[in-house]
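Structural description and commentary
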Amino acid sequence: MFRFLTRKLAYGFAILIGINLLTFVLFFKVNTPDDMARMQLGGKRVTPDAIEKWKAERGYDRPLFFNEKEQGVAQVTNTLFLDSSLRMFAFDFGRADSGRDIASEIVRRAGPSIALALPTFVVGLGISIVLALGLAFFRATYLDFWGTVLCVVFMSISSLFFIVMGQFMFSRVFQLMPVSGFAPGMDAWRFLVLPIAVGILARLGGEVRFNRTLFMEEIGKDYVRTARSKGLSEARVLLVHVLRNALIPILSASVAVIPLLFMGSLITESFFAIPGLGSYLIEAIAGQDFAIVRAMVFIGSFLYIVGLILTDISYTLADPRIRLQ
Amino acid sequence: MQPVFLLTDLFVYAILLFVLWYMWRVRSDRNLRANWRLAMQRPVSMVSSIVLGFFLVIALADSVHYREALPASTGQTSTQYSSEASSLLDNLLKPLATARERSYSEPLSAVAFRKETFERDGVSVRDYPRLRFGGKHLQDPASELSADVSRKSWTALGLGAAIVVSLMLLGLALAMAQTGQSFSVVLTRFRNGQTLWPWRSMTITFAVLVMSITWVVMLSQGYHVFGTDRTGNSVLVFALKSVRTALVIGGLTTLVVLPLALLLGVTAGYLRGWVDEAIQYLYTLLASIPDVLLIAASVLLLQVFIDKNQGVFETSLERADARLFFLCLILGITSFTGLCRLVRGETLKLRELEYIQSARAFGVSTPRVLWRHIVPNLMHLVLINTVMQFSSFVLAEAVLSYVGVGVDPKTASFGVMINTARAELAATPLVWWTLATAFGFMFLIVLSANLLADAVRDAFDPRTRLRSASSVANTTQEVAA
């Protein structure tokens, strides 16, 4: 277990280094600090002095990969790439172009993001498993058939429609909740119910269908037939035997959803004006603030890798036959 | 007329050629033909193919671009061409596209959506002004509109029905000639759906499609069938032009994904060792960056590049098209990882099989083993994945365009439509038709793509084929018990 974890962590670290290099090249080779300065300071009538000053303030005046002015190790360390990368691995993201500290902003915005994403994920998974089990229970009946058809119909509707219609119906027509916005503390639920419901609904069709397929695959196996021939009720077979064994692929698929969750809440957050990480990113993209975007890419990838390692661990918990090597 | 080949146009033609080549291959390969027959004999897949085919024709018509010759002025020696390229579809829709209103108007309306103050018979009144194009042939819209619309509708439906019935009779006659059966037998078999191919469902779909087209065409002569947007442009025109964007994103991205995933997956799985490690590292790297971030970052960079190199692109259409093309490229690069992983896993299994081992023992070269023995046995996976991903790309385009990192804001797309609809839903009175039209078109495209994907998967995936066979066996057993 320990060796497995260290190996996985090392691999994750190597991936993070790669991502860091990739984003660095993407951002600083194509879009030079001069361009960034001009963009931030505004317009074409910016004096070279102002640009130099802006760059010096943010440390962008150093060379990218190799500093000829320095001696020895400092030739490599006192560069934009290594300095900013090392800081990033220490979770020091520096300042945004607007001057605010990125790390503290991320910490501040993580709360609303989690309050939105976690219930969406957990409740959505629960509902989809229950519905899929129901379809599997009534397999080869009209209920199963039309349920599956409904899933495909749901899958074919863009999540944007769910958001637009949800906002329209519940906030404007029925006036049950505010259109958008956010309040800290316990009042937050009024603002979160609708985005969460919309988030669950938008992913429901695909998830139910996927889980149903997994259940159907399990149902065809020999051990299920044995369980039935023992005289167990169909409900017991499904709930105890099938569910348990189908949980592994469901878990592994759930992790693949985590980045999607990120993307999903990205749009949901900006739509409902929830001050989370997703809307932060959208604002950064709109304002062309590369420092924020780069920090967010790092965080997003970090979460993904942590998710991957967690799935591997959850495998062993769900199925003792799988040994971690 | 001077032909213009946009970047995406060329790829649309390439995809078309590829599909034609694939169809020719299916014809000559017995196994492939059997699988496709299995897929297409299901009514659902035929119905969705017809719908998709219709949208494909629209997209193709919108992919033939040219610059029209300007009317010659006096003393002019060479022909001058218009500075903006237009497509075949643009020209077909020209009467509608030029029939602009001042602002919003409801579908099939003769008056504007909002009250304005204007002069009528010399008196200043506040009322809904008449539209420039919608219902301009009517004397008094209030009393004549509904009668005119229903008269036009019935004519259109009658015309559509006439086309369908005559084609149906032709088909039945052909079936009689081919099978040598009497008319009543052929008709009964057709009516009861006892034909080898799902002719009944195909006819119904075709009938609905033809009647909708005749209806839209007929009413478009005098009205804006789906209303107009804020700037008075026809929503119908915008939606039809969005079809190409959606299909190009779906098709072109798939075209990027396929070779990338196949090449990398097969080499990783077959060669193993450090090549495998390197390729695995590469796709884990790309997979672990949240898609939207990578796309957003790349599109931002592209925008910077385009802004810096204005001279490369002659027209704004070319600029927008380049952005569409790169969006497909980026979307493809971020989403090949799933298929790549799948191909690698399958190759790992295949390379241990005896026929591959023996091919290697005979000294067949590695590229030849890969091309002749491994790749053909992976094709079902690739095909299933391709058709399944298509609809997700169409959906992704809408989301990305909404976020502002999708297509150029001037390009017609469903994402842009939904984005405008959002503000319109907050207005009073409610402007609902932009959203409804975008919803309808997009839903039709994605639903038919999803249904077709299902049928293809069921026919080509050995596992689901086995399962559906065994589930049939199970149910018959249960019934017997």
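Below or above, wherever it landed, is the structure these notes cover. No experiment lies behind these values; they were computed from the predicted model shown. Each chain carries its own residue numbering, running from 1 in the written order of its sequence. Think of it this way: whatever chain is written first is A, whatever ligand is written first is 1, and the rest follow in order. Side-chain atom pairs in this predicted model are given and counted only at pLDDT of 80 or more, local residue features only at pLDDT of at least 70, and totals for whole chains, interfaces and linings cover all residues. Water and hydrogen atoms play no part in the side-chain values, which are based on all heavy atoms of the structure.

One side-chain nitrogen of Lys or Arg within 4 Å of one carboxyl oxygen of Asp or Glu is enough to make a salt bridge. Evaluated as defined, the whole model comprises 24 salt bridges over all chains. Note that Arg102 of chain B is salt-bridged to Glu116 of chain B, the shortest N-O span being 3.7 Å. One end of the pair, Arg102 of chain B, is in the loop between helix 5 (94-98) and strand 4 (116-120); the other, Glu116 of chain B, is in strand 4, with 14 residues separating them in the sequence. Residue Glu116 of chain B is classed as partly exposed on the basis of its relative accessible area of 31%. Residues joined by salt bridges that share partners form a network here, namely Glu105, Arg108, Arg109 and Glu283 of chain A. By the criteria applied, helices consist of DSSP H or I runs no shorter than four residues and strands consist of E runs no shorter than two, each listed in order from the N terminus. A 1.4 Å probe rolled over the protein chains alone gives each residue an accessible area, and that area as a share of the maximum for its type sets the label: buried under 20%, exposed over 50%, partly exposed in between.

What follows covers the pairing of strand 5 (residues 123-127) of chain B. Along a regular strand, successive side chains alternate from one face of the sheet to the other. All names here are of chain B. Criterion used throughout: strands pair if DSSP finds at least two bridges between them. Across five bridges, strand 4 lies against strand 5 in antiparallel orientation. Bridge pairing in strand 5 links Glu119 to Ser124. Linking strand 4 to strand 5, which pair antiparallel, is a turn of two residues; within it Asp121 sits at a positive phi near 50°.

All names here are of chain B. In this fold, Glu424 is placed in helix 16 (residues 414-425). His is not counted, nor are the chain ends, whereas Lys and Arg count as positive and Asp and Glu as negative. No salt bridge is formed by the buried Glu424; its nearest oppositely charged neighbour, Arg230, is found at 6.3 Å. A polar side-chain atom of Glu424 sits 2.9 Å from a polar atom in the side chain of Tyr104. At 2.8 Å, the side chain of Glu424 and the side chain of Thr434 are in polar contact. Two residues qualify as a contact provided that any one of their heavy atoms is within 4.5 Å of a heavy atom in the partner residue. Excluding residues that lie within four positions of it along the chain, Glu424 makes contacts with Tyr104, Leu430, Val431 and Thr434. We call two N or O atoms a polar contact when they sit within 3.5 Å, provided that within protein one can donate a hydrogen and the other can accept it, with sequence-adjacent residues counted only if both atoms are side-chain atoms.

A few words now on the interface of chain A and chain B. Listed per partner, the contact involves 46 residues of chain A and 45 residues of chain B. Each partner contributes to the roughly 4,300 Å² buried at the junction of chain A and chain B, and carbon and sulfur atoms together form 75% of this total. Across the contact surface, chain A and chain B share one salt bridge. Between the two partners, chain A and chain B, sit five residue pairs in polar contact (both at pLDDT 80 or more). The set of elements that each furnish at least two residues to the side of chain A that touches chain B consists of helix 1 (2-30), helix 7 (142-155), helix 8 (159-173), helix 9 (188-219), helix 11 (234-272), helix 12 (277-287) and helix 13 (290-318) of chain A. The greatest single-element share of the side of chain A that touches chain B, amounting to nine residues, is contributed by helix 1 of chain A. Residues are grouped as follows: Ala, Val, Leu, Ile, Met, Phe, Trp, Tyr, Cys and Pro are nonpolar; Asp, Glu, Lys and Arg are charged; every other residue, Gly included, is polar. Partitioned by chemical class, the residues of the side of chain A that touches chain B number 32 nonpolar, ten polar and four charged. By buried area we mean the combined loss of accessible area, with a 1.4 Å probe, across both parts when two parts are placed together.

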